[in-house]
Amino acid sequence: MNLTRKTFLQSSAGLAAAAMAPALPAQAATKKKFTLAWTVYVGWMPWPWAAQNGIVKKWADKYGIEIDVVQVSDYATSINQYTSGMFDALTITNMDTLAVPAVGGVDSTSIITGDYSNGNDAVILKDKTKFEDIKGQKVNIVQYSVSQYLLDRGLQMHGMTERDVRLVNTSDADMAAAFLTPEVTAVVTWNPIVEQIDADKDAHNVFNSSHIPGEILDLVIVNTQTLDSNPDFAKALCGIWYETLGIMLADTPEAKKAQTQMGQLSGTDYAGFASQLKTTHLFSNPEKAADFTKGSQLIATMDHVRQFLFAWGMMGQGATSPNVVGIEFPGGHVLGDAKNVKFRFDAKYMAMAATHQL
């Protein structure tokens with residue numbers, strides 16, 4: 001069963017994750033074998049490519065460890081499995097980290113701020129050309145996803161609320177086909193579905209994630225107890241990440257070959273993958289990634305995120321405010337309950353990559 005963020009929190013899986021967290025030892029043991037789970041998304045394809053091309057092994061060997069890069073077919077499933085302790089690290093968005101593992105009681109640290117959606121997520125209207133035209137319409141959307149966050153931010157920025165629209169929960173697998181039916185006039189979705197729908201002559205992309213740059217973030221998170229006992233795991237992951245980005249984003253034949261292979265791994269070709277990269281802002285420079293992670297914009301973004309999650313009942317049963325979970329940033333600033341920090345941003349390992357200390 002694929003769980004949304006909302007149903008996860010209301011299910012036995014969510015309760016099990018919450019119950020499991022306190023049962024873990026106060027200090028996770030030092031170990032030599034680690035797992036990173038990933039799902040298909042343009043910003044996460046460097047991981048399987050690096051595994052296939054020996055870069056994962058190279059950096060793991062450097063630190064005397066083993067790293068298994070594991071594909072999970074469904075994104076929601078990968079989050080649930082990480083939260084229940086099946087994986088040490090995970091590719092995930094900032095919103096979902098707070099909504100599932102953090103709210104579920106699992107303490108996680110983001111060690112890589114990988115990219116932000118810069119047009120990959122979009123609000124698309126049929127035969128209407130302005131965002132304001134969404135008022136009064138039914139909107140097909142994957143509820144409780146980043147799509148709903150994008151819509152919420154668009155409505156805020158145009159003086160509206162979600163009371164001005166009617167949400168119709170729709171699977172991402174059905175979204176493109178739904179848009180072709182006469183009764184569907186507004187959708188919110190993500191790439192590659194956005195590209196499919198945008199190709200329709202009646203489709204108008206009226207608001208997308210490029211209008212809220214730096215808010216829909218793709219991260220690599222590590223279980224904090226595992227990280228604290230095994231910092232070499234984080235060093236290896238950062239080494240893998242920045243070496244791979246250096247290869248794939250260079251103006252070389254090797255870069256085109258790498259992007260072609262990443263496209264194939266994600267079910268598309270070079271042109272399709274390159275097109276998705278254009279709407280993804282990859283933090284290829286570790287210094288800039290670290291600076292962004294240490295900056296005030298990230299704090300403001302996470303405040304938007306937690307307020308959104310609380311408003312839609314995704315901060316857990318019985319939550320009386322968005323302060324129920326603490327989010328810690330580099331420098332020690334905490335949003336929410338400083339005694340219940342379950343989501344941490346750490347720029348240290350990115351900074352080490354920037355100064356060639358890995």
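Residues numbered from 1 in each chain as written. Predicted model: local features only at pLDDT ≥ 70, side-chain atom pairs only at ≥ 80, totals over all residues. Heavy atoms only, no water.

### Concerning the sheet that holds strand β8 (residues 186-190)
For step 1, the next point in the chain: Reading across from one edge, β7-β6-β8-β5-β9 is the order of the 5 strands in this open sheet, with mixed pairing throughout. On the outer flanks of this sheet lie β7 (166-169) and β9 (203-208), each paired with one strand and no other. Strand after strand, the sheet turns through a mean of 30 degrees between neighbouring axes, direction not considered.
For step 2, the next point in the chain: As paired elements, strand β6 (residues 138-141) and β7 share 4 bridges and run parallel to each other. Across the sheet, Ile 141 pairs through a bridge with Asn 169, a residue of β7. (Pairing = 2+ DSSP bridges. Helix = DSSP H or I, 4+ residues; strand = E, 2+ residues; numbered from the N terminus. Axes fitted to C-alpha atoms, helices over the stretch in contact; angles between N-to-C directions.)

### A short note on the nonpolar core
For step 1, the next point in the chain: Ranked by internal contacts, the top residues of the largest apolar core, which has 102 residues, are Ile 67, Ile 134, Leu 151, Leu 237 and Met 302.
For step 2, the next point in the chain: Per-element accounting of this core gives the leading share, 10 residues, to helix α11 (residues 231-248).
For step 3, the next point in the chain: If near-sequence neighbours (up to four positions away) are discounted, Ile 134 is found in contact with Val 123, Leu 125, Val 139, Leu 151, Leu 155, Met 160, Asp 164, Val 165 and Ala 186.
For step 4, the next point in the chain: Counting residues in each nonpolar core, the second largest holds 13 residues, with Val 142, Met 175, Ile 193 and Ile 197 among its members. (Core = buried A, V, L, I, M, F, W, Y, C linked by side-chain atoms within 4.5 Å. Buried < 20%, exposed > 50% of the residue type's maximum accessible area, 1.4 Å probe, protein only. Contact = heavy atoms within 4.5 Å.)

### Considering the packing of helix α7 (residues 146-157) against helix α15 (residues 296-311)
For step 1, the next point in the chain: Across the interface, α7 lies against α15 with an axial gap of 11 Å and an inter-helix angle of 105 degrees. One element, α7, and the other, α15, form an angle in the roughly perpendicular class. Facing α7, whose interface residues are Gln 148, Tyr 149, Asp 152, Arg 153 and Gln 156, α15 presents Thr 301, His 304, Val 305 and Phe 308.
For step 2, the next point in the chain: For the contact of α7 with α15, a count of residues per class yields 3 nonpolar, 4 polar and 2 charged. (Parallel < 35°, antiparallel > 145°, perpendicular 65-115°, else oblique. Nonpolar A, V, L, I, M, F, W, Y, C, P; charged D, E, K, R; others polar.)

### Let's talk about the environment of Val 188
For step 1, the next point in the chain: Positionally, Val 188 belongs in strand β8.
For step 2, the next point in the chain: Taking C-alpha positions, Val 188 is 20 Å from Gln 307, a pair spaced 119 residues apart along the chain.
For step 3, the next point in the chain: Once you skip the residues sitting within four places of it in the chain, Val 188 turns out to touch Ala 122, Val 123, Val 139, Asn 140, Ile 141, Ser 147, Leu 150, Leu 151 and Met 175.

### Overview of the pattern of salt bridges
For step 1, the next point in the chain: Under the counting rule described, the total for this entry stands at 10 salt bridges.
For step 2, the next point in the chain: Between Asp 202 and Lys 201 there is a salt bridge whose closest N-O contact spans 3.4 Å.
For step 3, the next point in the chain: The shortest N-O distance in the salt bridge between Glu 328 and Arg 344 comes to 3.6 Å. Remark: Arg 344 occurs in strand β14 (residues 341-345) and Glu 328 occurs in strand β12 (residues 326-328); sequence separation between them is 16 residues.
For step 4, the next point in the chain: Take Arg 344: its relative accessible area is 22%, and that puts it in the partly exposed class.
For step 5, the next point in the chain: Connected via shared salt-bridge partners are Asp 107, Glu 328 and Arg 344. (Salt bridge = Lys/Arg side-chain N within 4 Å of Asp/Glu carboxyl O.)

### What to know about the environment of Val 103
For step 1, the next point in the chain: Among the secondary structure elements, Val 103 is positioned in the loop between α6 (94-102) and β4 (108-117).
For step 2, the next point in the chain: Here the alpha-carbon distance between Val 103 and Ala 319, two residues 216 residues apart in the chain, equals 9.9 Å.

### Observations regarding the pairing of strand β10 (residues 217-223)
For step 1, the next point in the chain: Counted residue by residue, β10 has 7 buried out of 7 residues, so it is predominantly covered.
For step 2, the next point in the chain: Taking every second residue as pointing to the same face, both faces of β10 are buried, with Leu 217, Leu 219, Ile 221 and Asn 223 on one and Asp 218, Val 220 and Val 222 on the other.
For step 3, the next point in the chain: Across 5 bridges, the pairing between strand β3 (residues 89-93) and β10 is antiparallel. Directly across from Leu 90, in β10, lies its bridge partner Ile 221.
For step 4, the next point in the chain: In terms of strand pairing, β4 meets β10 through 7 bridges, oriented antiparallel. By the bridge assignment for β10, Ser 108 is matched with Asn 223.

### Here we look at the side chain of Gln 276
For step 1, the next point in the chain: Considering the arrangement of structural elements, one finds Gln 276 in helix α13 (residues 270-278).
For step 2, the next point in the chain: Using a relative accessible area of 10% as the deciding quantity, one classes Gln 276 as buried.
For step 3, the next point in the chain: The residues touching Gln 276, leaving out its near neighbours within four places in the chain, are Val 42, Asn 120, Asn 191, Pro 192, Glu 195 and Thr 268.

### Remarks on the packing of aromatic side chains
For step 1, the next point in the chain: This model, assessed by the stated rule, comprises 10 aromatic pairs.
For step 2, the next point in the chain: Through a chain of ring-to-ring contacts, the aromatic side chains of Tyr 41, Trp 44 and Tyr 75 assemble into a single cluster.
For step 3, the next point in the chain: Taking NZ or CZ as reference, Lys 126 lies 4.8 Å from the ring centre of Phe 179, over its face.
For step 4, the next point in the chain: A cation over a ring is seen here: Lys 256 above Tyr 270, with NZ or CZ 5.0 Å from the ring centre. (Phe/Tyr/Trp six-rings, centres within 6.5 Å; stacked < 30°, edge-to-face > 60°. Lys NZ or Arg CZ within 6 Å of the ring centre and 35° of its normal.)

What is shown is where atoms sit, not what they do.
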